[in-house]
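# Survey of secondary and tertiary structure
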Amino acid sequence: MKEVKLGKFKVGKFVCLVLVFCMVSLTLIPDFALGDKNGSELNAGLATQLPNLPQTGSPNLNSQDQLLTEEGHWEQLPLYGGDVTCLVIDPNNHQVIYAGTFGNGLWKSTNGGISWIAINEGLTGKWVYSLALDPTNSQVIYAGTNGGVFKSTDGGVSWKRTSMTYYRVYSLALDPTNSQVIYAGTNFGIYKSTDGGVSGYYSGLIEYDVSSLAIDPSDTQVIYVGAWGGLYGGGVFKSTNGGGSWVGCDLTGRSVESLAIDPQNTQIIFAGVYGDGVFKSTNGGASWSAVNSGLSNQYVHSLAIDPSDTQVVYAGTNAGVYKSTNGGTNWNPSGLINRYVASLILDSSDPQTIYAGTYGWGIFVSTDGGAIWNQGGLTALLVLCLSIDPSNSQNIYAGIEVYSGAGGSGIFKSTDGGAIWNESGLFDYSVESLAIDPLDTQVIYAGTNAGVFKSKNGGESWVEKNNGLTYGLTYFSVRCLAIDPSNPQVLYAGTYEGGIFKSMDGGESWVEKNNGLTSSFIDSLAIDPQNPQVIYAGTWGGVWKSTDGGESWVEKGLTNLDVRCLAIDPSNPQVVYAGTNSGVFKSTNGGESWVGKGLTDSYVPCLAIDPSNPQVVYAGTSGGGLFKWIPSSGGSLSLTSPNGGESWNIGSSQNITWTSTGVTGNLKIELNRDYPSGSWESIFASTPNDGTESWVVTGPASSNCRIRVSSLDDPSVYDLSDGDFSII
């Protein structure tokens, strides 16, 4: 087994989670093992079945509203990872980096990759394949997505779709001498815009998927294209007239995923080929030679050339980063191994600094030319399921998505409360649900994309248990599992398309239990720990409840939502939490009614309740990482001025006043100039809780202003103006 330790570079084979819980053991703990992959096929089916669902995706962490309620607040935990498809660095500020992810939208770092925020306002295509910055104005960014080309003119704060609405945009390139000229490589060839995306037109190669584009910096009419698919299976193509016409440049029949032009000698081009390694041309693409000596993994997805020494070339592969110091003649593994590296970029101001975007592990950074790598703080991880050993809460199991082709263990296990994680089997399976036998915690069940597996030795080995779960010649994908706490031989399995199944013999056989259910897509199950005849099921059409051990089911609300996970308060089973495609909801009456609990912009595939303090809830999100619900401390704030109706002149000094009860520590004061739709801007990041603060009013003017004061120690304690006031 391989060790993974976050914060220090001890590599494992796939993604790990950091979950530090302070818990005491309980005899009966409900199984919190939920979730599914937020893939394009799933979303397509969901849109067909439930056309009015809210948008799903990564949370907008710039919006404090979805993290706060009067009862408590959500705190993000440092859980790093994600499928990173593309990277760009701001040439005017090398601390600013943008990352596109597969399914989780766009992210931005302003501190060299140490921390990241989601920047998805207006971005409806969350599968981001490519990025490009305007070389004359780095506030202008283009993103190639599964929904066409999007453009931002404010450094990623907001996005608008351009006229280039072609389905999958795998590659983008801007003319360095005229940034209004944009080339987009799609799954239907090349498209071009000459007016910054206002309009676009077809430019050729319609029979190919264009995965890479490279413009000759010495002659921008010369463009190279790497392609795959098509009648002849892909290759390299070249245009010498700005995309007016194209000719083949050999490598016919090969899937070319990446291209890189030597900036000092543009006749030299490198091509990364899927399954065939690296090829090099020294005559502008007229002929090519394989340069693979030492390149043990020849599935090459990305290439980067050191602009200060073009003999130094990096290749991102299925098995990590390789480096050549002699123009590709020989290759050696860098310090980053056992990672599927989809994207590479060098800091042009310091080419020893390299960023690698990986599938599953997020972003890695090297500052010494690839010798040592550290994981960046990108919280774009898709958390599929969590389960905690009820006899020893130091033992935590994490089920993850294994990206196709990336390999890796579907389960990781921690024995020290989440500090270190080790692979725990089920390689090449995406583990979507986990359940632990409460009487014998060495017995663990895993629901996967290929049915149910069982371990009797704490995850050391696994055996398939799919008798009765067949679907034609295959097995149902098992989204969720639940164990009867009074009789662990009784299990329930929720499946994709097959509804609910029940086993009475520890998984040896399964029987369908769908009486009353109208949805066959089951994402979550939860059993009442005090009455195991009561079971809740989360479906693509809301929550369902059985009071007779699954023999019959009745609908219990949230019918317009996709309920991805459920968790029952072990101290009060009338309290049920639901994670949905639109945040977290809570019921205090056994599912009869539901109230929103924040994370409203998030897709929440898993929840867990701290059994030692059931007021504390953990939520795993798609694209936002892990959050912890912290109940309100019970203090209160009351804003007294401005409280509605005031008119404050720009440049005048005005007193913001408030009263407080039971609030310790400093406060934050914010202004919203267009309440309720506008954003909150910080006026005072930290000010003493002494009841008053003087503010010199700044513009712009507005008549819909509100002030908000909130506790820094407990952000759920806040108050805002009762009515609008004006800044004039």
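This structure is a prediction, so every number in the text was calculated from the model and none was measured. (Residues numbered from 1 in each chain as written. Predicted model: local features only at pLDDT ≥ 70, side-chain atom pairs only at ≥ 80, totals over all residues. Heavy atoms only, no water.)

For the protein, the count of helices and strands is one helix and 65 strands. In the protein, which comprises 728 residues, the share counted as buried stands at 62%. Across the protein, the fraction of contacts at a sequence separation of at least 24, relative to all contacts at a separation of at least 6, is 50%. Per element, the accessible surface of the protein, about 25700 Å² overall, is 48% carbon and sulfur. (Helix = DSSP H or I, 4+ residues; strand = E, 2+ residues; numbered from the N terminus. Buried < 20%, exposed > 50% of the residue type's maximum accessible area, 1.4 Å probe, protein only. Contact = heavy atoms within 4.5 Å. Areas by Shrake-Rupley, 256 points an atom, 1.4 Å probe, with all protein chains shown as cover.)

On to the packing of aromatic side chains, then. A full pass over the atoms with the stated rule returns 15 aromatic pairs. Taking 4.8 Å as the distance between ring centres and 55° as the angle between the ring planes, the aromatic pair formed by Y208 and F237 counts as tilted. A residue pair is termed long-range when its members are at least 10 positions apart, and Y208 in the loop between β15 (201-204) and β16 (209-215) and F237 in strand β18 (residues 234-239) qualify at 29 residues. For the pair Y208 and F237, one class covers both residues: buried. Taking the centre distance of 4.2 Å and the plane angle of 10° together, the rings of F521 and W540 count as stacked. With F521 in the loop between β45 (511-512) and β46 (522-527) and W540 in the loop between β47 (535-539) and β48 (542-546), this residue pair connects regions lying 19 residues apart in the sequence. Classification of F521 as buried rests on a relative accessible area of 14%. Grouped by ring-pair contacts, the aromatic residues Y129, Y170 and W228 constitute a single cluster. The lysine or arginine in question, R708, covers the ring of W680, its NZ or CZ lying 4.2 Å from the ring centre. (Phe/Tyr/Trp six-rings, centres within 6.5 Å; stacked < 30°, edge-to-face > 60°. Lys NZ or Arg CZ within 6 Å of the ring centre and 35° of its normal.)

What follows concerns the sheet that holds strand β28 (residues 341-347). Strand order in this open sheet of four strands is β28-β29-β30-β31, and the pairing throughout is antiparallel. Of all the strands in the sheet, the pair left with one neighbour each is β28 and β31 (374-375). Pairing of strand β30 (residues 363-366) with β31 involves two bridges; the strand directions are antiparallel. Bridging across to β31, F364 finds its partner in Q375. (Pairing = 2+ DSSP bridges.)

Attention now goes to the pattern of salt bridges. One pass over the full model with this rule turns up 10 salt bridges. A salt bridge links D276 to R254, with the shortest nitrogen-to-oxygen separation between them at 3.2 Å. Within this pair, whereas D276 is found in the loop between β21 (269-273) and β22 (277-281), its partner R254 is found in the loop between β19 (247-248) and β20 (256-261), the two being separated by 22 residues in sequence. Residue classification places D276 among the partly exposed residues on the basis of a relative accessible area of 28%. With its nearest N and O atoms 3.1 Å apart, the salt bridge here joins E670 to R708. On the criterion of sequence distance, the pair formed by E670 in strand β60 (residues 667-672) and R708 in strand β63 (residues 702-711) is long-range, its members being 38 residues apart. The exposure class assigned to E670 is buried, which follows from its relative accessible area of 6%. (Salt bridge = Lys/Arg side-chain N within 4 Å of Asp/Glu carboxyl O.)

For the rest of this paragraph, the subject is the pairing of strand β13 (residues 178-186). The element β13 is extensively covered by neighbouring structure, given that seven of its nine residues are classed as buried. Sheet topology places strand β12 (residues 169-175) next to β13; six bridges connect them, and they run antiparallel. Counted as the bridge partner of L174 is I182 from β13. Count of turn residues in the β12/β13 antiparallel hairpin: two residues. Bridge analysis of β13 against strand β14 (residues 189-193) gives five bridges, and the strand direction is antiparallel. Among the inter-strand pairings, G185 is bridged to a residue of β14, identified as I190. Between β13 and the antiparallel strand that follows it, β14, lie two residues.

Strand pairing in a sheet takes place through backbone hydrogen bonds and is either antiparallel or parallel in direction. The strand order β42-β43-β44-β45 describes an open sheet built from four strands, whose pairing is antiparallel. In the strand order of this sheet, the two ends are held by β42 (478-483) and β45, each with one partner. Where β42 and strand β43 (residues 491-495) come together, five bridges link them in antiparallel fashion. Considered in β43, the bridge of A482 is made with Y492.

Moving on: the nonpolar core. Ranked by internal contacts, the top residues of the largest apolar core, which has 19 residues, are I656, W658, I669, L671, W695 and I707. Listing elements by their share of this core, those giving two or more residues are β57 (636-641), β59 (653-661), β60, β61 (680-687), β63 and β65 (725-727). I669 has contacts with I656, W658, E681, S682, I683, F684, T687, E693, I707, R708 and V709, leaving out every residue within four places of it along the chain. (Core = buried A, V, L, I, M, F, W, Y, C linked by side-chain atoms within 4.5 Å.)

Once that is clear, we can look at the side chain of S652. Its location among the elements puts S652 in the loop between β58 (647-648) and β59. Judged by its relative accessible area of 18%, S652 is buried. A polar contact is formed between the side chain of S652 and the backbone oxygen of N649, at a distance of 2.6 Å. Reaching out from S652, the side chain makes a polar contact with the side chain of Q654 at a distance of 3.1 Å. Excluding its chain neighbours within four sequence positions, the residues that come into contact with S652 are W695, V696 and V697. (Polar contact = N/O pair within 3.5 Å; in protein donor to acceptor, adjacent residues only side chain to side chain.)

So, about a nonpolar patch on the surface. Together, F188, Y202 and I206 make up an exposed nonpolar region whose accessible area comes to about 300 Å². Mapped onto the fold, Y202 is located in strand β15. Here Y202 falls in the partly exposed class, since its relative accessible area comes to 40%. (Patch = residues over 30% accessible without salt bridge, like charges linked within 9 Å, V, L, I, M, F, W, Y side chains within 5 Å.)

A few words on unusual backbone geometry. Cis geometry marks the peptide bond from S641 to P642; its omega dihedral reads 0°. By the element assignment, P642 lies in the loop between β57 and β58. In this chain, G699 is followed by P700 through a cis amide linkage whose omega measures 10°. Structurally, P700 is set in the loop between β62 (692-696) and β63. The backbone of D250 sits at a positive phi, close to 70°, despite the residue not being glycine. Tracing the chain through its elements places D250 in the loop between β19 and β20. You will see that E497, though not glycine, has its phi angle at about 85°, which is positive. Position of E497 relative to the elements: it lies in the loop between β43 and β44 (499-503).

This brings us to the environment of Y166. Within the fold, Y166 resides in the loop between β11 (160-161) and β12. According to the relative accessible area criterion, Y166 is buried, its value standing at 17%. Once the C-alpha coordinates of Y166 and N187 are considered, the two residues, 21 residues apart in sequence, prove to be 8.3 Å apart. Filtering out sequence-adjacent residues up to four positions away, Y166 remains in contact with G147, G148, T186, Y191, G200 and Y201.

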